[in-house]
Amino acid sequence: MPVPIRRLCVALTLCCALLACSTACGSERTVEKASTKDSTAVLAAGTPTPTTSAERRTFAKARFVLDAGLAAGAAYQWIVKPWKAGAFNKGAQGRRTALVKAGLAGAFAYNRLKAAQRNAQGDPTLAKALAPLGAGIDALKNLPSRLRKGDTGAASSFNDVIGDVKHAGASAGAPVRDQVPSASELAKGS
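Residues numbered from 1 in each chain as written. Predicted model: local features only at pLDDT ≥ 70, side-chain atom pairs only at ≥ 80, totals over all residues. Heavy atoms only, no water.

Points about the overall build of the chain
Just so we agree on the cut-off: In this text, helices come from DSSP runs of H or I with a minimum length of four residues, and strands from runs of E with a minimum of two, each type numbered from the N-terminal end. Any two residues whose heavy atoms approach within 4.5 Å at even a single point are treated as in contact.
A count of helical and extended segments in the chain gives 9 helices and 0 strands. Long-range contacts, defined here as pairs at least 24 residues apart, represent 76% of the contacts in the chain between residues at least 6 apart.

Printed below as a string of structure tokens:
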């Protein structure tokens, strides 16, 4: 006799919940037993050590290139290309969809540019090259509202800031190439 799919889904969900609860409860008991025996040994073994500034500096350029590349790819794919095609103009077919995608891409690109800016602080050459661009990156925060109002210069300013970041990276020895993020990365925003 076949079992309805709904029953299987409920059973699977309950099994997963029980497994998660038993795993969580079991780990707490283990920690309690260990902490009563020798709490200092457990704390010393379980405490992570912070990275040194030299270790953070090791991958600063690579992280900068990745974050700036993702920002540039998202901006080009979902902001600059539709802007050049006229998708943001009033009365254009698919305008609302283009604006939603541009808003998501703008938020994603802003997030990645801020991360690239933080990563650049780990490398003195990148930090010096990117320092004058801080105000331009912060100005991108209000891009979605500017696009909704019909400001055609918003996409242009976004493209200009991305170009400046790419130029600053190249001058510091970290050339940036566009990397178009997947739709799931764009939706997550990271």
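Details of the packing of helix H3 (residues 60-85) against helix H8 (residues 153-171)
When two helices pack together, their arrangement is given by the angle between the helix axes and the distance between those axes. Under the convention used in this document: Each axis is a line fitted through C-alpha atoms, and for a helix only the stretch in contact is used; angles between axes span 0 to 180 degrees, taken between their N-to-C directions. Should an angle fall under 35 degrees it is called roughly parallel, over 145 degrees roughly antiparallel, and 65 to 115 degrees roughly perpendicular, with every other angle called oblique. By convention, the crossing between two helices is left-handed when the near helix turns anticlockwise from the far helix through less than a right angle, and right-handed when the turn is clockwise.
Remark: H3 packs on H8, axes separated minimally by 10 Å, with the N-to-C direction vectors making an angle of 155°. It follows from the interaxial angle that H3 and H8 lie roughly antiparallel. In this structure, H3 crosses over H8, and the sense of that crossing is left-handed. Along the contact surface, H3 presents Phe64, Ala68, Ala71, Ala72, Ala75, Ile79, Val80 and Trp83, while H8 presents Ala155, Ser156, Phe158, Asn159, Ile162, Val165, Lys166 and Gly169.

Notes on the environment of leucine 130
Here is the rule: Here's how the labels work: a residue is buried when its accessible area is under 20% of the maximum for its type, exposed when over 50%, partly exposed in between, all with a 1.4 Å probe on protein chains only.
For leucine 130, the location among the structural elements is in helix H5 (residues 124-130). Among the residues examined, leucine 130 registers a relative accessible area of 3% and is labelled buried. Distance from leucine 130 to alanine 120, taken between C-alpha atoms, is 7.3 Å for residues 10 residues apart in sequence. Ignoring any residue separated from it by four or fewer positions in sequence, one finds leucine 130 in contact with Phe64, Ala116, Gln117, Ala120, Val165 and Ala168.

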